[in-house]
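# Residue-level structure breakdown
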Amino acid sequence: MLSKTPLAPLVTLFSRSNLLNKRLARSLWRTKLRLSAVVFMVAVGVFAGISFGAYANAATNLYDDIYDGEGGVNLPDIWINNPSGVWDANESSNLCDSISQNWPDSEYELKTCEQRLVVDGIMFYSDSGSEETAIPAIWHGIDEGLVDKVWMPEDSDLSSGELASSFDEIVLDSHIAIDLDVQLGDEVEISSGSDRMMYTVVGIGFHSQHLFYAQEGMSLPADDGTFATGYMTASGLERLTNFSEGSSNLILIDIQGTPSYDLQSTDDVDEGKELNFVIDELSELMSLETDVPVSVYDRSGVQSVEFLRADAEGAVKIFPYVTGMIAAIAGITIFLSLQRLIQSQAREIAVLRTLGVPKLSIMPGYIIAPVVIGGIGSLIGVLLGVYFGAPSMLGLYEKMIGLPISSDVDNSLITQVVLISMVIVLLAGLRPAWQASRLQPLAVFRGQHEVKLSSRRLQRFTASLPTTVGLSIRSSLRKPMRVGFTFFAVGISMLLFGSMLFMLESMEDSFIGGIKDRQSWEVQASNSPGGEDAIVEWVEENGGQYELLINFPIGLEDDNREITAFGLDNISTVSDGGSMIMVDLMEGDIPVRDSATMQVLIDEGTSVFLEWDTGDVVPIYVGNMQYEVEISGITKGEISRTIYLYREDLSQMVGIESTSVLIQLSDDDKSLDGLAELSVGYTKKADAINTFETLLEQQKQFFYAIESLGVIIAVAVLFNTLLMNLAERDTELATLRVLGAPMNKLGKMMFWEHLGIGVIGGVLGAVFAYFGTVLLASSMVQWAFYFTISPAPSAIITIAGVVIGISVALTPFGMWRIKKMNLVDKVKDLSN
Amino acid sequence: MPIIDIQGMERHYEMASEVVKALDGVSITVEKGERIVLLGPSGSGKTTLLNCVAALDSPTKGTYDFDGKTVPRLKSEEMTTFRRENIGYVFQFFNLLQDLTVLENLLLIQELSGGRDKKRALELLKLVGLEDEIDRFPAEISGGQQQRVAIARSLAKSPKLLLGDELTGNLDSNTSSMVMEVLVKACETEEITTIMVTHDEKLTKYATRVIRLDSGKIISDEPTGN
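From a predicted model like this one, the values you see are computed outputs, not experimental measurements. (Residues numbered from 1 in each chain as written. Chains lettered and ligands numbered in written order. Predicted model: local features only at pLDDT ≥ 70, side-chain atom pairs only at ≥ 80, totals over all residues.)

Take the overall build of chain A next. When you go through chain A residue by residue, the secondary structure sums to 25 helices and 20 strands. Out of the 832 residues belonging to chain A, those deemed buried represent 49%. Considering only contacts within chain A whose residues lie at least 6 apart along the sequence, 83% involve residues at least 24 apart. (Helix = DSSP H or I, 4+ residues; strand = E, 2+ residues; numbered from the N terminus. Buried ≥ 20, exposed ≤ 12 C-beta atoms within 10 Å, placed from the backbone. Contact = placed C-beta atoms within 7 Å.)

This part takes up the overall build of chain B. Along the backbone of chain B there are 6 helices and 10 strands. Counting the 226 residues in chain B, one finds 52% classified as buried. For chain B, contacts bridging at least 24 residues in sequence account for 70% of all contacts bridging at least 6.

Our next topic: the nonpolar core. Of all hydrophobic cores here, the largest spans 229 residues; its most connected members are A:Met41, A:Ile329 and A:Ile799. The greatest single-element share of this core, amounting to 22 residues, is contributed by helix α3 (residues 32–68) of chain A. Beyond its immediate stretch of four places on either side in the chain, A:Ile329 contacts A:Met41, A:Ala489, A:Ile492, A:Ser493, A:Ile713 and A:Val717. Ranked by size, the runner-up nonpolar core spans 83 residues in total, among them A:Ala734, B:Leu39, B:Leu56 and B:Ile195. (Core = buried A, V, L, I, M, F, W, Y, C linked by C-beta atoms within 7 Å.)

Residues and elements named next belong to chain A. As judged from the 3 bridges shared by strand β14 (residues 585–588) and strand β17 (residues 625–635), these two strands associate in the antiparallel manner. Paired with Glu 587 across the two strands is Ile 634, which belongs to β17. Summarising the sheet, strand β15 (residues 598–603) and β17 pair through 6 bridges and their orientation is parallel. Paired with Ile 602 across the bridge in β17 is Ile 634. (Pairing = 2+ DSSP bridges.)

Before going further, it helps to examine the environment of A:Leu495. Residue and element names in this part refer to chain A. Position of Leu 495 relative to the elements: it lies in helix α15 (residues 480–518). With 277 residues separating them along the chain, Leu 495 and Gly 772 place their C-alpha atoms 6.3 Å apart. What Leu 495 contacts, discounting residues up to four positions off in sequence, is Met 325, Phe 768, Ala 769 and Gly 772.

Taken together, the contact between chain B and chain A spans 31 residues of the former and 31 residues of the latter. Those elements that place two or more of their residues in the side of chain B that touches chain A are α2 (76–86), β6 (87–90) and α3 (102–113) of chain B. A per-element tally of the side of chain B that touches chain A places α3(B) first, with 7 residues. Looking at side-chain class alone, the side of chain B that touches chain A contains 13 nonpolar, 9 polar and 9 charged residues. (Nonpolar A, V, L, I, M, F, W, Y, C, P; charged D, E, K, R; others polar.)

Further remarks concern the pairing of strand β3 (residues 133–141) of chain A. Residues and elements named next belong to chain A. By the criterion of burial, β3 is predominantly enclosed, with 8 of the 9 residues buried. Here strand β2 (residues 110–125) pairs with β3 via 9 bridges, running antiparallel. Within the sheet, the bridge partner assigned to Met 123 lies in β3 and is Ile 135. Two strands pair when backbone bridges link them, and β3 and strand β8 (residues 228–232) are joined in this way by 5 bridges, in the parallel orientation. Opposite Ile 138, over in β8, you have Thr 229 as the bridge partner.

It is generally the case that most residues other than glycine have a negative phi and that most peptide bonds are trans. Phi at A:Asp148 is positive, roughly 50 degrees, even though this residue is not glycine. Examined against the element boundaries, A:Asp148 turns out to sit in the loop between β3 and β4 (160–161). If you check the backbone angles, B:Glu166 has positive phi at about 50 degrees while not being a glycine. Within the secondary structure, B:Glu166 is located in the loop between β7 (161–165) and α6 (173–190). For B:Glu166, a count of 22 C-beta atoms within 10 Å translates into the label buried.

Residues and elements named next belong to chain B. In spatial order, the strands read β2-β1-β4-β5; together these 4 strands make up an open sheet with antiparallel pairing. Only two strands of the sheet have a single partner each, and these edge strands are β2 (19–30) and β5 (69–70). Of the pairings in the sheet, the one linking strand β1 (residues 4–14) to strand β4 (residues 61–66) comprises 5 bridges and is antiparallel in character. Looking at β4, one finds that Ile 4 is bridged to Phe 66. Across the sheet, helix α1 (residues 46–53) touches β1, β2 and β4, and the angle it forms with β2 is around 60 degrees. (Axes fitted to C-alpha atoms, helices over the stretch in contact; angles between N-to-C directions.)

What follows concerns the packing of α3(A) against helix α20 (residues 685–728) of chain A. Residues and elements named next belong to chain A. Direction vectors running N to C along α3 and α20 enclose 150 degrees, while the axes themselves pass 10 Å from each other. Compared by their axis directions, α3 and α20 come out roughly antiparallel. Considering the relative orientation of α3 and α20, their crossing is left-handed. Together, Leu 33, Arg 34, Ala 37, Phe 40, Met 41, Val 44 and Ala 48 of α3 and Leu 709, Ile 713, Ala 716, Phe 719, Asn 720 and Leu 723 of α20 make up the contact between the two elements. Considered class by class, the residues forming the contact of α3 with α20 number 11 nonpolar, 1 polar and 1 charged. (Parallel < 35°, antiparallel > 145°, perpendicular 65-115°, else oblique. Left-handed = near helix turned anticlockwise from the far one by under 90°.)

Time to look at the environment of A:Ala58. Residues and elements named next belong to chain A. By the element assignment, Ala 58 lies in helix α3. What makes Ala 58 buried here is the crowd of 25 C-beta atoms within 10 Å. Once the C-alpha coordinates of Ala 58 and Ala 312 are considered, the two residues, 254 residues apart in sequence, prove to be 8.3 Å apart. Those residues in contact with Ala 58 that lie beyond four places of it in its chain are Leu 394, Tyr 397, Ile 405 and Ser 406.

Turning our eyes to something else, we now look at the sheet that holds β6(B). All names here are of chain B. With respect to topology, 6 strands assemble into an open sheet ordered β6-β7-β8-β3-β9-β10, the strand pairing being mixed. In this open sheet, the two edge strands, each paired with only one partner strand, are β6 and β10 (217–223). In this sheet, adjacent strand axes meet at a mean angle of 15 degrees when their direction is disregarded. Summarising the sheet, β6 and β7 pair through 4 bridges and their orientation is parallel. Across the sheet, Ile 87 pairs through a bridge with Leu 161, a residue of β7. Against the sheet, α1 touches β3 (35–39), β7, β8 (193–198) and β9 (209–214), its axis set at about 150 degrees to β8.

As structure tokens, this is what we get:
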């Protein structure tokens, strides 16, 4: 039957070459060590692809389900935030009425308008008699609500209980409940700028604004037990804050359907044109309806939502690259191995061709070989990925993010990853297969296929060196394609290794260096509008020093994104000192007070994304009010988009004196007694640093895993190539041994050769890793998360050192190989 | 004192079903300056004998003294040192290093054996008639020239004994003659003892003595009168 199908010629061809394929399989089996390195590479590629892909899929699907799925939170489409005060019940109600009546003429219809009260505060916690800890907190007043509800998934161990229904009940966020081991029925003591009160925990759940569990403005999740959020009834929060019934500072707007919004990661595309029109109209409306500056923004303006979206987007972007890179290395090793195999089998192939075996019968084996190798590697990779990589990756992700993550691995993901790998390995086998079928028997028998005239230029270049050194250099460069591919593959593996090193260095510098070296405050106490006086009095009574700070969201012209403004009493660099928050000035000058046009500093990320430069005069918005400011300089090291102004300037714009007080405590008295009751929450710098350090420690485990992967791949690649180099030189080395060359001299020769390859590979690896990481980082950075990669010398030295180390470490193996060479057999080869 | 004194040498190979005696009680003494051709059919043991003489292989039984000293056996590095200090070896397929020029092929062996002596290397290349080819790569010269380079290379470290295994086996008869003439001239000039394994009866005219082997035993050992 088959003979009548279109596949018949292929079937005939493959079955005719069965014995040839068997011969090839046996030949491959003789190179078990190299073969296993190739299978390993494929397996690692598939393993990594499935692990990263499972993470990317989980990250993407999770948030969609939480935000808009059945049983989800019904995430609002527009937020209207009053950062400088609170509207009373009447104002709040009027605002929603006004929004409803004056809803912009657009394709979107208003579905719901809800007011909320969200305040900073403190959660007091002491564990069995230990000293009380004041944990910075955010409290939400949420009745059951229609929009942005508390999320309490029924099928998860991480949530339980029910919504708060009484003024003295609270739902604690799962993150803090787990950190502090708070159970349903426990009582917690909390405050928000006034008296402490007790609330009964009736539920444990999540909130859309705190899925990425970080303090406001922080780019990293909070360390265990250092940040709390809770969701009580509106009356429950009014009781805590002493605000009148119906007070609010946040309006949530839900639109029919799910409108597209402008993604911060796509500068050139405005996906939310229509929504932006609605936002602009509402901003205009708000400026007419209320005296205070307000921010109107879509999902991209909500830190947690944007971070998690960016995280998912980053994962989706990166996983095909990681899989592709490792598969490409596997492809290169397969390609080189097959070429070497063909070279060593040239005589056999020539004999077969002389005996009349057609070209097409030679080819299939060399195509089947990579497919079989790829198949075995893929199978191992799938098993490892599904049963080990993906669960570990998702477990780590669940631990870091604190959200319930499904550990199922999608079949389509497995198919996709295996297909990528198999296509690459198949392509890698095509050229060698074609080369094998094209070998000319006569040329092979005359030895012309291997004799390649050495480069005269290289000979002249190395002529003055000792012959052993010259030989090492020439031998290393004898196969430029092999060496080139090897360096390329080592470069990719070093990209895996080095990107983690560079990123770790840069993140440590940005996250920890920023707060450790450039900020000298010890405690930052948040205040309600006008509440700074009480805190200042407390500082003066306790012999400390203070500076007032205003943090305020700043809007942009025709742009939905926001910048966080820092209003500082003094703006200074680290070398100048004199301020509790200092800047790292990259270019330009410190703003001059009382300039004709108000001068400001912007961070590097803002400069990059908005294409603003020193000397530019640009418009910024507070609420709906536009101000012209001149950029006097650009700072570096800020993860979030930041603009620095003098506090008196910002104060005039926003109408408040401060949002928090930066405090340096007296050397004699470091106690914070009484501060909790005066502030609406405070953060200790030491806690912030601890948070960063703990998180970096956690990240390091992940980074180390990737680094190890990079090193293992580099070992496999170099091992494969150096082994091929050695195998190819068996005749030369045997000749030298027969002629009496001592092992130590051959060892030295090999050492220099490996050192040379290591040095070139190491330098190229470091260069590759640096520029690759810069490229990778530039594709990852977004408005909400910007950082740069600096060529840290320690990272460069480590990368080069690793490649040199691996290369040189293979010398003993090479020597062992020569030592165990059977010279009697070799002499037969040399003379028969 | 003979340069080579072999008494009762045996070399056994253990195969799957039997023990093969490649050498079965060979005794030879060789005086300095002799040029010996070893003849015999395939499997007669001539290459095994050459390997044992070169200390590439260790005999199973018997004694082997070289220049009055016992030749090391079974110890790889001592055997290598022996070869380095005493033996030159020429192969059938030349086995020159393709990445090195003619001159560098000689210099490499000198470097690996102790010290570079460019003057001597150039003299040897002149001796084998290749003084004009010193900067060429092996692939750029003929097979006969390559074999002459191989001879010069084997002499580069001033061995006491030069061994050749089918060293003209890959050359046509005219080139073979030229190579052999060069070899004889070089060995006489350098006062080097020579043992060559060959199938080619014609090479006996370059020998001072012909030893025939069969089944691991010497069946004749005669001077040629040269």
